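What the coordinates show
For reference, the chains in residue letters:
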Amino acid sequence: MTRALILGGTADASLLAAEIARAGIEAVYSYGGRTRTPADQPLPTRIGGFGGVSGLADYIRREGITHMIDATHPFAAEMSRNAVEACAETGTPLIALERAPWNKMPEDHWIEVADLNAAVAALPASPAQVFLAIGRQHIAPFAAKPQHVYTLRFVDPPEAPLPFAADVIVSRGPFTLDAELETMRARDISWIVARNSGGDGARAKIDAARELGLPVVMISRPELPERRRVESAAEVMHWLGHRTCLGA
């Protein structure tokens, strides 16, 4: 009997959870716990970490997990690595539901960098209005360039003091192109820092930057271990042995 574990927290994971629930497949949806008000899911839900590779392997055995689906954010590298190791240790089939990265268009002004420190270095020395679209866990390195005026956008209001003064927007996506254009114009944004998370839900800021001719410091995805990877919930359903298709 199938009992799947979805490592979630993304819009793609929510779509998959809905498909799995409709198909009547037994599954558990796991949130990492970084968002204080996670979206409701049509499946039994757990919140919080597992305690590394050994804790995740123990959970797989204890809960009788037969299949694991890694539908975490493309930059949740530690969780994805732990999933690969725990599944190898327990012999559990693993598939990654991972949206394709954005591709640079001819009109884009991207400065592609490998990590956060390189992103900080890529920003200009002279003061600028910078939109940091990278999540609250990753902003600390930008305190090294306090001359900039930063705009941040979080799902939840920050609980602790920020490492620098910033204009904070509390809002949950997806965001439209018109809304992103309005945000950038109203704050006179001149630089954007983003992670190449891919997908449609967060790409409006990239389209807006292209339309406004703004430079984007684009952080590349982390390297992850080899694993089976698909880009749609329908492909995961097929992997689970169900022919359910989205929109059918």
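Just so it is clear, the structure is predicted and the values come from calculations on it, not from any experiment.

1. Observations concerning the overall build of the protein
A tally of regular secondary structure across the protein gives seven helices and 12 strands. The C-alpha radius of gyration of the protein comes to 19 Å, within 12% of the 18 Å expected for a compact globule of 248 residues. Overall, the C-alpha framework of the protein stretches about 60 × 40 × 30 Å when taken along its three principal axes. For the protein, buried positions account for 45% of its 248 residues. When contacts within the protein are restricted to residue pairs at least 6 apart in sequence, those whose partners lie at least 24 apart make up 64%. Entry remark: accessible area of the protein is about 12000 Å², with carbon and sulfur atoms responsible for 51%.

2. A word on the packing of helix H5 (residues 177-186) against helix H6 (residues 204-212)
Following both chains from N to C, one finds H5 and H6 inclined at 60°, their axes separated by 8 Å at the closest point. On the basis of their axis angle, the class for H5 and H6 is oblique. Handedness of the H5/H6 crossing: right-handed. Touching Leu177, Glu180, Leu181, Met184 and Arg185 of H5 are Ala204, Lys205, Asp207, Ala208, Ala209, Glu211 and Leu212, all from H6. Taken together, the residues of the contact of H5 with H6 break down into seven nonpolar, no polar and five charged.

3. A closer look at the environment of Gln147
Position of Gln147 among the secondary structure elements: in the loop between strand E7 (129-133) and strand E8 (149-154). Look at Gln147 and you get partly exposed, because its relative accessible area is 30%. For the pair Gln147 and Pro127, spaced 20 residues apart in sequence, the C-alpha separation works out to 5.2 Å. Not counting residues within four places of it along the chain, the set of residues in contact with Gln147 comprises Pro124, Ala125, Ser126 and Pro127. Within the structure, Gln147 has its side chain in polar contact with the backbone oxygen of Ala125 (distance 2.8 Å).

4. Structural notes on the nonpolar core
A general trend in soluble globular proteins is that nonpolar side chains are found buried together. Grouped together as the largest cluster of nonpolar side chains are 21 residues, with contacts concentrated most on Ile6, Leu16, Ile20, Ile69, Val236 and Leu240. Those elements giving two or more residues to this core turn out to be strand E1 (3-7), helix H1 (11-23), strand E2 (26-31), strand E5 (94-97) and helix H7 (233-239). Once you skip the residues sitting within four places of it in the chain, Ile69 turns out to touch Ala4, Leu5, Ile6, Leu7, Leu16, Ile20, Ile95, Leu97, Val236, Trp239 and Leu240.

5. Describing the confidence of the model for the protein
Fine structural detail should not be taken from predicted coordinates in areas where pLDDT scores are low. Per-residue confidence for the protein averages 92 on the pLDDT scale, and 96% of its residues sit at or above 70. Contacts of residues 244-248 to residues separated by more than four positions or lying in other chains number eight contacts, the stretch itself having pLDDT below 50.

6. Some words on the sheet that holds strand E6 (residues 109-113)
Here six strands make up an open sheet; going across it, the order is E6-E11-E10-E7-E8-E9 and the pairing parallel. The open sheet is flanked by E6 and strand E9 (166-170), the only strands paired with a single partner. Averaged over all neighbouring strand pairs, the angle between strand axes comes to 20°, with direction disregarded. Bridge analysis of E6 against strand E11 (residues 215-219) gives five bridges, and the strand direction is parallel. Bridge assignment links Trp110 to a residue of E11, and that residue is Val216. In the packing of H6 onto the sheet, contacts are made with E6, E7, strand E10 (191-195) and E11, and the angle to E10 comes to roughly 150°.

7. Quick look at the pattern of salt bridges
Taken as a whole, this structure holds 17 salt bridges when the rule is applied. Glu89 serves as the salt-bridge partner of Arg61, at 3.1 Å between the closest nitrogen and oxygen. Taken as a pair, Arg61 in helix H2 (residues 52-63) and Glu89 in helix H3 (residues 77-90) lie far apart in primary sequence, 28 residues in all. Residue Glu89 is classed as partly exposed on the basis of its relative accessible area of 45%. Linking Arg229 and Glu98 is a salt bridge whose minimum nitrogen-to-oxygen distance equals 2.8 Å. Of the two residues, Arg229 is situated in strand E12 (residues 229-230) and Glu98 in the loop between E5 and E6; the sequence distance between them amounts to 131 residues. Within the structure, one salt-bridge network assembled from shared partners comprises Asp70, Glu98, Arg221, Arg227, Arg229 and Glu231.

8. Quick look at the environment of Ser232
Residue position: Ser232 is located in the loop between E12 and H7. Of note is the side chain of Ser232, whose polar atom sits 2.9 Å from the side chain of Glu235.

Definitions and cut-offs
- Each chain has its residues counted from 1, following the order in which its sequence is written.
- Given that this is a predicted model, residues contribute local features only at a pLDDT of at least 70 and side-chain atom pairs are listed and counted only at 80 or more, while totals for whole chains, interfaces and linings are drawn from all residues.
- Based on all heavy atoms of the structure, the side-chain values leave hydrogens and waters out of the count.
- The way it works is that DSSP assigns letters per residue, a run of H or I at least four long becomes a helix, a run of E at least two long becomes a strand, and they are numbered from the N terminus.
- The reference for a compact globule is 2.2 Å times residues^0.38; the radius of gyration itself is calculated from the C-alpha atoms.
- Under the scheme applied here, a residue whose accessible area is under 20% of the maximum for its type counts as buried, over 50% as exposed, and between as partly exposed, the area being computed with a 1.4 Å probe on protein chains only.
- Note on contacts: a residue pair is in contact if any heavy atoms of the two residues lie within 4.5 Å.
- Areas reported as accessible are Shrake-Rupley estimates using a 1.4 Å probe. Residue values count occlusion only from the protein chains shown.
- Every angle, taken between N-to-C directions, lies between 0 and 180 degrees, and every axis is a line fitted to C-alpha atoms, over only the stretch in contact when it is a helix.
- These descriptions rest on fixed angle ranges, namely under 35 degrees for roughly parallel, over 145 for roughly antiparallel, 65 to 115 for roughly perpendicular, and the rest for oblique.
- By the definition used in this description, the sense in which the near helix is turned from the far one sets the handedness, with an anticlockwise turn below a right angle giving left-handed and a clockwise turn giving right-handed.
- Ten residue types, Ala, Val, Leu, Ile, Met, Phe, Trp, Tyr, Cys and Pro, are classed as nonpolar, four, Asp, Glu, Lys and Arg, as charged, and the remainder, Gly among them, as polar.
- Pairs of N or O atoms are called polar contacts if they sit within 3.5 Å, as long as, within protein, a hydrogen donor faces a hydrogen acceptor (for residues adjacent in sequence, only side-chain-to-side-chain pairs).
- Only buried residues count toward a nonpolar core, which is a set of Ala, Val, Leu, Ile, Met, Phe, Trp, Tyr and Cys residues joined through side-chain atoms within 4.5 Å.
- For every residue, the predictor assigns a confidence score, pLDDT, that lies between 0 and 100.
- Whether two strands pair comes down to DSSP finding at least two bridges between them.
- Within this document, salt bridges are pairs made up of a side-chain nitrogen of Lys or Arg and a carboxyl oxygen of Asp or Glu, the two lying within 4 Å of each other.

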